[in-house]
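# Coordinate analysis (summary)
Chain residues, written in single-letter form:
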Amino acid sequence: MNIKKAVTDYPIQHALADRWSPYGFEDRPVAEADLCSLFEAARWAASSYNEQPWNYILATKENPKEFDQLLACLVEANQAWAKAAPVLVLGVVSLRFAKNQKDNRAAVHDLGLASGNLVMEATTRGLSVHQMIGILPDKAREVYQIPNTSRRGRPRPSAITLTQPPCPPP
Ligand SMILES: Cc1cc2nc3c(=O)[nH]c(=O)nc-3n(C[C@H](O)[C@H](O)[C@H](O)COP(=O)(O)O)c2cc1C
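Residues numbered from 1 in each chain as written. Predicted model: local features only at pLDDT ≥ 70, side-chain atom pairs only at ≥ 80, totals over all residues.

### Some points on the overall build of the protein
Regarding its fold elements, the protein presents 6 helices and 4 strands. Scanning the protein from its N terminus toward the C terminus, one meets helices and strands in the order α-α-β-α-α-β-α-β-α-β. In the protein, buried positions account for 32% of the 170 residues. (Helix = DSSP H or I, 4+ residues; strand = E, 2+ residues; numbered from the N terminus. Buried ≥ 20, exposed ≤ 12 C-beta atoms within 10 Å, placed from the backbone.)

Here is the structure:
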């Protein structure tokens, strides 16, 4: 059950009104079956030319080495609260079409749409997601060897999403 609900002017789906971005987390893991469903929801997002230009890198607290590695890719201000979450996810987007290496102008939009699916699936399962742009993109690229697909000659910044059980704000 979620503890915050948007007061909407017009009726909307519960999963939209119930979504919010917490800074506090329950100290328990997210079930693997739930995690699988979140990424399945992301997988079925629409995308330009059906390119599905997103990838997600997952780290759970059950594997502290992987978790710390991903945590270190966040800016300090985000690390301060995100370290308490049971799951960290790094969203990565490819800015060029795989088949011809041409620019995919919809790529970042499509990552956002996939993440939106993930967030809605999480909310319906009583989980919350706190998305973050405050990451260290160069570090993430180095740690995960993310190839450069940017037309500006630099790898594209990646967004991070974070899933966790609902919890009151601090
Ligand atoms: C793409 C994106 C990037 C965000 N980056 C951060 C971030 O780096 N740090 C943070 O604390 N919150 C971040 N947020 C959370 C927003 O601040 C939050 O969604 C917004 O204040 C609305 O609050 P709500 O999600 O509870 O409705 C981000 C949200 C999105 C969608």
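### Some points on the site of the ligand
Close contacts around the ligand come from 8 residues, with Trp20, Ser21, Gln131, Met132 and Gly134 the closest. Looking at the shell around the ligand residue by residue, the class counts come to 4 nonpolar, 4 polar and no charged. (Near = placed C-beta within 6 Å. Nonpolar A, V, L, I, M, F, W, Y, C, P; charged D, E, K, R; others polar.)

### Thoughts on the confidence of the model for the protein
The predicted model of the protein averages 86 in pLDDT, with 86% of residues at 70 or higher. Mean pLDDT across the elements of the protein bottoms out in strand E4 (residues 159-164) (43) and peaks in helix H3 (residues 64-71) (96). Counted against residues more than four places away or in other chains, residues 157-170, with its pLDDT under 50, gives 71 contacts. (pLDDT = per-residue confidence, 0-100. Contact = placed C-beta atoms within 7 Å.)

### Considerations on helix H5 (residues 107-124)
An ideal rise of 1.5 Å per residue puts 26 Å on 18 residues; H5 measures up with 26 Å between its terminal C-alpha atoms. For H5, every residue scored as buried is listed here: Ala107, Asp110, Leu111, Ala114, Ser115, Leu118, Val119, Glu121, Ala122 and Thr123. A positive backbone phi angle near 75 degrees is found at Gly126, which sits one or two residues after H5. (Expected span 1.5 Å × (residues − 1).)

### Things to note about the pairing of strand E2 (residues 87-93)
Here E2 lies mainly inside the structure; 7 of its 7 residues are buried. In the sheet, strand E1 (residues 54-60) pairs with E2 via 7 bridges, with the strands oriented antiparallel. Paired with Asn55 across the bridge in E2 is Val92. (Pairing = 2+ DSSP bridges.)

### A look at unusual backbone geometry
We note that Tyr49 has phi near 55 degrees; this positive angle belongs to a residue other than glycine. The topology assignment puts Tyr49 in the loop between helix H2 (32-43) and E1. The backbone phi angle of Asn50 is positive, close to 55 degrees, even though this residue is not glycine. Within the fold, Asn50 resides in the loop between H2 and E1.

### A look at the environment of Ala59
Mapped onto the secondary structure, Ala59 falls in strand E1. On the basis of neighbour counts, which here come to 19 C-beta atoms within 10 Å, the residue Ala59 falls in the partly exposed class. For the pair formed by Ala59 and Leu71, sequence separation is 12 residues and the distance between their alpha carbons is 8.9 Å. Once residues lying within four places of it in the same chain are set aside, the contact partners of Ala59 are Glu66, Phe67, Gln69, Leu70 and Leu88.

### Description of the environment of Ser47
Relative to the helices and strands, Ser47 resides in the loop between H2 and E1. Owing to 17 C-beta atoms within 10 Å, Ser47 belongs among the partly exposed residues under this scheme. In the structure, Ser47 is positioned 66 residues away from Leu113 in sequence and 8.0 Å away in space, judged by C-alpha atoms. Excluding residues within four positions of it along the chain, Ser47 makes contact with Gln52, Pro53 and Asp110.

### Looking at the packing of H2 against H5
Packed helices, taken two at a time, are described by the angle between their axes plus the distance between the axes. As a packed pair, H2 and H5 sit with axes 7 Å apart at the nearest point and diverge in direction by 140 degrees. Judged by the twist between their axes, the crossing of H2 over H5 is right-handed. Across from Ser37, Leu38, Phe39, Ala41 and Ala42 in H2, the residues of H5 making contact are Ala114, Ser115, Asn117, Leu118, Met120, Glu121 and Ala122. (Axes fitted to C-alpha atoms, helices over the stretch in contact; angles between N-to-C directions. Left-handed = near helix turned anticlockwise from the far one by under 90°.)

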